[in-house]
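These are the residues of each chain, in order.
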Amino acid sequence: MVRQCKSALPHKVIGVKDSSGNKDLLEAWIAEFKDDPEFSILVGTEEMLVEAVRAGADGGVCCLANVVPDLYVKMYECAIGDLPPDEERTKRMQEIPKRIRESFFRCNAGAGWSSLFQGMKAAMEIRGIVQRHMLPPLEAFDDQQTEQLREELESMWGEVKTLCTNPSVTRE
């Protein structure tokens, strides 16, 4: 279907973002469009970013990159080979988004997937990026939830900083 859309609208359909988490589907997209330099394959599943880029995807559109952009830059650099190979470090970087999401859900138990958006906004406020205000029907984390999140995330910020500090980046 994407190939048909691209053929019908060649200057409008320029890529696909796969957030399915299905490795086989992602690999099929990459194989189908690998010889088309004007078509991008992006992954939306954070845990698959490094593996997807190594397999031929162009990058990712990952929501938690809004919270820890430096981490995603380093994960991308690991994937394209701009950092010396260090699979243990890469694995630790890939685990952080999952831990952040788990914090969101713990701070707003029982709220379901809206916790992801609420937590992301609160985390971005904690980082000084934006305020946590949200439009209805969603409601922002309250002060208590935000403080709980701050406490949980602060234990991760040092680890993120350590993982993202590497003087041996080979990018020229």
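Anything mentioned here points back to the structure above.
A quick note: this is a predicted structure, and the numbers were derived from the prediction, not measured.

### Let's talk about the overall build of the protein
Thinking step 1. The number of helices and strands found in the protein is seven helices and three strands.
Thinking step 2. Mapped from its N terminus to its C terminus, the protein presents α and β elements in the order α-β-α-β-α-β-α-α-α-α.
Thinking step 3. Structurally, the protein occupies a C-alpha span of about 50 × 45 × 25 Å along its principal axes.
Thinking step 4. Expressed as a percentage of its 172 residues, the buried residues of the protein come to 42%.
Thinking step 5. Contacts spanning at least 24 positions in sequence make up 58% of the contacts within the protein whose residues lie at least 6 apart.
Thinking step 6. For the protein, the distance from the average site of its 21 positive side-chain charges to the average site of its 29 negative ones is 1 Å.

### Some points on unusual backbone geometry
Thinking step 1. Residue Pro137 is bonded to the preceding Pro136 through a cis peptide linkage, with omega at 15°.
Thinking step 2. For Pro137, the position within the fold is in the loop between helix 6 (114-126) and helix 7 (143-164).

### Here we look at the packing of aromatic side chains
Thinking step 1. This structure, assessed with the given rule, holds three aromatic pairs.
Thinking step 2. Considering the side-chain rings of Trp29 and Phe33, the 6.4 Å spacing of their centres and the 20° angle between planes classify their relative orientation as stacked. Of the two residues, Trp29 and Phe33 are both situated in helix 2 (residues 23-33); the distance of four residues between them amounts to about one turn of the helix.
Thinking step 3. Residue Phe33 is classed as buried on the basis of its relative accessible area, which comes to 3%.
Thinking step 4. Ring geometry for Phe105 and Trp113: centres 5.4 Å apart, planes at 90°, overall edge-to-face.
Thinking step 5. When its relative accessible area of 28% is taken as the criterion, Phe105 is described as partly exposed.
Thinking step 6. Here the aromatic residues Trp29, Phe33 and Phe39 are joined through ring pairs into a cluster of three or more.
Thinking step 7. The ring centre of Trp157 lies 4.6 Å from the NZ or CZ of Arg127, which sits over that ring.

### Overview of the pattern of salt bridges
Thinking step 1. The full count for this structure, using the stated rule, is 14 salt bridges.
Thinking step 2. Here Arg3 makes a salt bridge to Glu32, at a shortest N to O gap of 3.4 Å. Of this pair, Arg3 sits in helix 1 (residues 2-8) while Glu32 sits in helix 2, placing them 29 residues apart in sequence.
Thinking step 3. Overall, the relative accessible area of 35% leaves Arg3 in the partly exposed class.
Thinking step 4. When its relative accessible area of 39% is taken as the criterion, Glu32 is described as partly exposed.
Thinking step 5. The closest approach of N and O atoms between Lys98 and Glu102, which form a salt bridge, is 3.9 Å. On the criterion of helical spacing, the pair formed by Lys98 and Glu102 is a turn pair, its members being four residues apart in helix 5 (residues 87-107).

About the criteria used
Residues numbered from 1 in each chain as written. Predicted model: local features only at pLDDT ≥ 70, side-chain atom pairs only at ≥ 80, totals over all residues. Heavy atoms only, no water. Helix = DSSP H or I, 4+ residues; strand = E, 2+ residues; numbered from the N terminus. Buried < 20%, exposed > 50% of the residue type's maximum accessible area, 1.4 Å probe, protein only. Contact = heavy atoms within 4.5 Å. Lys, Arg positive; Asp, Glu negative; His and termini not counted. Charge placed at Lys NZ, Arg CZ, Asp CG, Glu CD. Phe/Tyr/Trp six-rings, centres within 6.5 Å; stacked < 30°, edge-to-face > 60°. Lys NZ or Arg CZ within 6 Å of the ring centre and 35° of its normal. Salt bridge = Lys/Arg side-chain N within 4 Å of Asp/Glu carboxyl O.

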